[in-house]
Amino acid sequence: MSDKIKKGREGEEMAARFLIDKGFEIVERNYRHKRSEIDLIVKKDNWLIFVEVKLRSSDAYGYPEDFVDYKKAKNIVDGAEQYTYDKNWQGNVRYDIVSIRLQQDQTEIIQIEDAFY
C-alpha cells in the first residue's frame, strides 16, 4: 500500500471519529459511482452530508480545503445525486469538507459546512 493511500485512510478514520464525536452517524465510507468517490456520507437529524476529507502535513502549498477544486466538487455532487436517488432520500443534503492539518506537535481538524454548492 502506498504512503499516500495509507495517509488518506488515516485521515478518513480521523475525520470519522471527529464526526461521530459531534453526533453524526456514519452511513457510508468510500462510496463510488462512475468518476465520483465520496470519502464519507454521514447523517444527522434530517440531513445527509457528503464529506470530502483532506489531510496535509504542511501548509507550504495551501490549506487542505484549498485542494477541493471545481472538478472534484462536481464529481462529488454527481455521486451524491445518484446516492440520494438510489436511497430515495427525501431530506436535506449538504456538502462538507473535513480539513486535517498535521503539525509537528498537534493535529487540527475543522469541519467546513456547506463547502460548495
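See the structure above.
What you see is a predicted model; the values in this text were computed from it and never measured.

*Asks:* If you had to explain the packing of aromatic side chains to someone new, which residues and values would you point to?
*Replies:* Scanning the model with the defined rule gives 4 aromatic pairs in all. With a centroid separation of 5.9 Å and an interplanar angle of 80 degrees, the aromatic rings of Phe50 and Tyr83 are classed as edge-to-face. Residue Phe50 is found in strand β3 (residues 47-56), and its partner Tyr83 is found in helix α2 (residues 70-87); the two are separated by 33 residues along the sequence. Summarising the burial analysis for this pair, Phe50 and Tyr83 share the class buried. An aromatic cluster of three or more residues is present, and its members are Tyr31, Phe50, Tyr83, Tyr95 and Phe116. Above the plane of the ring of Phe67 lies Arg56, whose end atom (NZ or CZ) is 4.1 Å from the centre. Across from the ring centre of Trp47, 5.6 Å away, lies the NZ or CZ of Arg94, which sits over that ring.

*Asks:* Go over helix α1 (residues 3-21) with me, naming the residues and quoting the values.
*Replies:* Think of an α-helix as 3.6 residues a turn; residues three or four steps apart then line up on the same face. Look at α1: 27 Å from first C-alpha to last across 19 residues, which is about the 27 Å you get at 1.5 Å a residue. All buried positions along α1 are accounted for by Gly11, Glu12, Met14, Ala15, Ala16 and Leu19. Packed against the buried residues of α1 are β1 (25-33), β2 (36-44), β3, β4 (92-102) and β5 (107-112). Gly23, located one to two residues past α1, shows a positive phi value of around 95 degrees.

*Asks:* Requested: an account of the pairing of β1, with residues and values cited.
*Replies:* Pairing geometry for β1 and β2, over 7 bridges, is antiparallel. Along β2, the bridge assignment pairs Glu28 with Ile41. Between β1 and the antiparallel strand that follows it, β2, lie 2 residues; Lys34 among them carries a positive phi value of about 50 degrees.

*Asks:* Give a description of the sheet that holds β4 that names residues and reports values.
*Replies:* On the basis of which strands lie adjacent, the open sheet formed by 5 strands has the order β1-β2-β3-β4-β5 and mixed pairing. Each of the sheet's edge strands pairs with one partner strand only, and the pair in question is β1 and β5. Sheet twist, expressed as the average angle between the axes of neighbouring strands with direction ignored, equals 25 degrees. Two strands pair when backbone bridges link them, and β3 and β4 are joined in this way by 10 bridges, in the parallel orientation. The residue bridging Leu48 from the neighbouring strand is Val93, located in β4. Together, β1, β2, β3, β4 and β5 form the strand contacts of α1, whose direction differs from that of β3 by roughly 135 degrees. Its contacts with the sheet put α2 on β1, β2, β3 and β4, and the angle it makes with β1 is roughly 110 degrees.

What counts and what doesn't
Residues numbered from 1 in each chain as written. Predicted model: local features only at pLDDT ≥ 70, side-chain atom pairs only at ≥ 80, totals over all residues. Heavy atoms only, no water. Phe/Tyr/Trp six-rings, centres within 6.5 Å; stacked < 30°, edge-to-face > 60°. Helix = DSSP H or I, 4+ residues; strand = E, 2+ residues; numbered from the N terminus. Buried < 20%, exposed > 50% of the residue type's maximum accessible area, 1.4 Å probe, protein only. Lys NZ or Arg CZ within 6 Å of the ring centre and 35° of its normal. Expected span 1.5 Å × (residues − 1). Contact = heavy atoms within 4.5 Å. Pairing = 2+ DSSP bridges. Axes fitted to C-alpha atoms, helices over the stretch in contact; angles between N-to-C directions.

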